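So the chains spell out like this:
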Amino acid sequence: EDEARQRVLDEIVDLSEGDLRKAIMLLQSAHTLADGAVSVSLVRDVSGALPPDILDALAAAVRGGSSSKLEEQLRAVHKTGFSVALVLAAFTDVVMHDERLADHIKAAIVLRIANADRALVDGADEQLQLLAVMTAAQKHYNEAAVAAAAAGAATSLPLRGRG
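Quick caveat: nothing in here was measured; it's all calculated off a predicted structure. (Residues numbered from 1 in each chain as written. Predicted model: local features only at pLDDT ≥ 70, side-chain atom pairs only at ≥ 80, totals over all residues. Heavy atoms only, no water.)

Novice: Report on the overall build of the chain, specifying residues and quantitative values.
Specialist: A tally of helices and strands in the chain yields 8 helices and 0 strands. Listed by position from the N terminus, the elements making up the chain come as α-α-α-α-α-α-α-α. Taken over C-alpha atoms, the radius of gyration comes to 20 Å for the chain, far larger than the 15 Å a tight globule of 163 residues would show. The C-alpha extent of the chain, read off along each of the three principal axes, is 75 × 45 × 25 Å. Nonlocal contacts in the chain, meaning residues at least 24 apart in sequence, comprise 59% of its contacts between residues at least 6 apart. Carbon and sulfur atoms make up 56% of the accessible area of the chain, which totals about 10,500 Å². Where the 16 positive side-chain charges of the chain centre and where its 23 negative ones centre are 9 Å apart. (Helix = DSSP H or I, 4+ residues; strand = E, 2+ residues; numbered from the N terminus. Rg over C-alpha atoms; globule rule 2.2 N^0.38 Å. Contact = heavy atoms within 4.5 Å. Areas by Shrake-Rupley, 256 points an atom, 1.4 Å probe, with all protein chains shown as cover. Lys, Arg positive; Asp, Glu negative; His and termini not counted. Charge placed at Lys NZ, Arg CZ, Asp CG, Glu CD.)

This is how it looks when you write it as structure tokens:
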């Protein structure tokens, strides 16, 4: 039970991003709706955050390289009804915490996200902006994978003239 409480508190801290008022509001709202103990899923639902499974599937489609799989995931995200701004904010965290990406690639993807965010503020179509960001991110992930494979192949080549 103490472990479950700690997971709930950890989720509140993550979702409130250090904002004590937001954390208190989340806890109060979740407590009001709970039939007993407050759960992590209830806290996440109350916060309006993008569910991790949706974000994980989208990130996997971006990393996977298949445009048809990405298109399928983008349709699934659209059906959830979450705002594109929320999806882009969550995807920014995914990119920034991805250890496989070099900093300049992270910067290029985040810059594309920022441009889309600006376009959304100016009234651009949400789905087109999401598609543009995710296809650009997929391109960067593919380029990073090719570069990593080439670097791996270069380091594993036998040295000539020594032996």
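Novice: Describe in detail the nonpolar core, supporting the description with residues and values.
Specialist: In this structure, Leu88, Phe91, Ile109, Leu130 and Met134 are the most contacted members of the largest nonpolar core, which totals 29 residues. Put simply, the parts of the chain that give this core at least two residues each are helix 4 (52-64), helix 5 (67-80), helix 6 (84-96), helix 7 (103-121) and helix 8 (126-155). Counting 10 residues, the second largest nonpolar core, distinct from the first, contains Val8, Leu15, Leu42 and Val43. (Core = buried A, V, L, I, M, F, W, Y, C linked by side-chain atoms within 4.5 Å. Buried < 20%, exposed > 50% of the residue type's maximum accessible area, 1.4 Å probe, protein only.)

Novice: Could you give an account of the packing of helix 1 (residues 2-16) against helix 2 (residues 20-33), naming the residues involved and the relevant values?
Specialist: At their nearest, the axes of helix 1 and helix 2 sit 9 Å apart, and the two run at 130° to each other. The pairing of helix 1 with helix 2 is recorded here as oblique in orientation. Crossing of helix 1 against helix 2: the hand is right-handed. On helix 2, the residues that touch Ile12, Leu15 and Ser16 of helix 1 are Lys22, Ala23, Leu26 and Leu27. Classifying every residue of the contact of helix 1 with helix 2 gives 5 nonpolar, 1 polar and 1 charged. (Axes fitted to C-alpha atoms, helices over the stretch in contact; angles between N-to-C directions. Parallel < 35°, antiparallel > 145°, perpendicular 65-115°, else oblique. Left-handed = near helix turned anticlockwise from the far one by under 90°. Nonpolar A, V, L, I, M, F, W, Y, C, P; charged D, E, K, R; others polar.)

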